[in-house]
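# Breakdown of the fold
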Amino acid sequence: MTTMNATIALAALLSALNAAPAMAEALDVNGIALPYEDAGTGPVVLFVHAMLQDRRIWEPYREQISRNRRFVAYDQRYFGASDWPDAGENFSVDTHSDDLIGFVEALEAGPVSVVSWSYGGDVVARAAVARPDLFHALVFYEPDVNGLIDSLPGSGEAVDQMLAGLRPAFAAVEEGRLEDAALRLIEGVFSMPEGGAKTEPEEILRIFRENSRAIPAFLAAPAGDRATCEELGNVRVPTLVVRGSDGFVLDAMVSERVVQCMPNAIIAILNGVTHDGPYRNPDVFAEMIDSFLKLFD
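Just so it is clear, the structure is predicted and the values come from calculations on it, not from any experiment. (Residues numbered from 1 in each chain as written. Predicted model: local features only at pLDDT ≥ 70, side-chain atom pairs only at ≥ 80, totals over all residues. Heavy atoms only, no water.)

### Considerations on the sheet that holds strand β3 (residues 44-48)
Ordered in space as β1-β2-β4-β3-β5-β6-β7-β8, the eight strands form an open sheet in which the pairing is mixed. The open sheet has two free edges, formed respectively by β1 (25-29) and β8 (265-270), since each of these has just one partner strand. Across this sheet, the average inter-strand angle for adjacent strands is 25°, counted without regard to direction. Both strand β5 (residues 112-117) and strand β6 (residues 135-141) contribute to a ladder of six bridges, which runs parallel. The residue of β6 that forms the bridge with Trp 117 is Tyr 141. Most of the contacts of helix α13 (residues 282-294) go to β6, to which it runs at about 150°, and overall it touches β3, β5, β6, β7 (239-244) and β8. (Pairing = 2+ DSSP bridges. Helix = DSSP H or I, 4+ residues; strand = E, 2+ residues; numbered from the N terminus. Axes fitted to C-alpha atoms, helices over the stretch in contact; angles between N-to-C directions. Contact = heavy atoms within 4.5 Å.)

### What to know about the packing of aromatic side chains
Aromatic ring pairs are described here by two measures, namely the spacing of the ring centres and the angle between the planes. For the structure on display, the rule yields 19 aromatic pairs. Summarising the aromatic geometry, the rings of Phe 47 and Tyr 61 are spaced 5.7 Å apart at their centres and angled 45° between planes, so their arrangement reads as tilted. Taken together, the residues Phe 47 in strand β3 and Tyr 61 in the loop between β3 and α2 (62-65) connect sequence positions 14 residues apart. The residues Phe 47 and Tyr 61 share a single accessibility class, namely buried. Taking 5.6 Å as the distance between ring centres and 70° as the angle between the ring planes, the aromatic pair formed by Tyr 141 and Phe 285 counts as edge-to-face. Of this pair, Tyr 141 sits in strand β6 while Phe 285 sits in helix α13, and the two are 144 residues apart along the sequence. Taken individually, Tyr 141 and Phe 285 each receive the classification buried, so the pair is uniform in this respect. (Phe/Tyr/Trp six-rings, centres within 6.5 Å; stacked < 30°, edge-to-face > 60°. Buried < 20%, exposed > 50% of the residue type's maximum accessible area, 1.4 Å probe, protein only.)

Take a look at the structure:
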């Protein structure tokens, strides 16, 4: 992505985040209220955020997606501004997957198309394995499907490469500096130099800082029922997996493996970005989403 295009994309992102937000609604799911944003009419495109995020991160997608479809983005349990239903002991991908299933059922608008990013991809993968009937199409951006490449050559080295960049974040967690840890985590997974987060817009940093309280629960969460390659092979809905051209080997390996496992999946590259693609270049990713879904309207 050129410097000019990056500047335009960032300006669009900030404009969307600074715009007056629509009144959030909430759905009762598994005993808690999950806030969500809703715009447009037609087939639902449901956005599932990553770790250290909430529904606000998808705001730049609202206008383009809602032109022809119904844009919905929700806060997963333990994220956003809502009070927690417990101290975080039930934080897990399985909990979030069950919530996603419940949310789609409560919308009463399925089957829905789903867009996910990173941790959200593991949530969606497990939900799709459990209830493929709820989903019309799936779009993953660098899904972090836990355990999917453990047996592949080079997977250990790929994990070590990723972890090396997260050492400052782990040190901050140990010292109880959660907001600082959130920024160090973002720098690590986005392939930024330590301290590079300070150059990001405050509107974006606020989202990461405000969700830093979830870090201890995330680190303590059990692995749960992983989505295996065999199980993903039974999910036959149309699937698009997108990865950044400049990201970690680990993210590329997992993305490619998801496509290998799922019979109706294809892969695409978002150029000039790392794991930060949906945030760094929302216009291009939104166009990829829209173009893919048009194939199955």
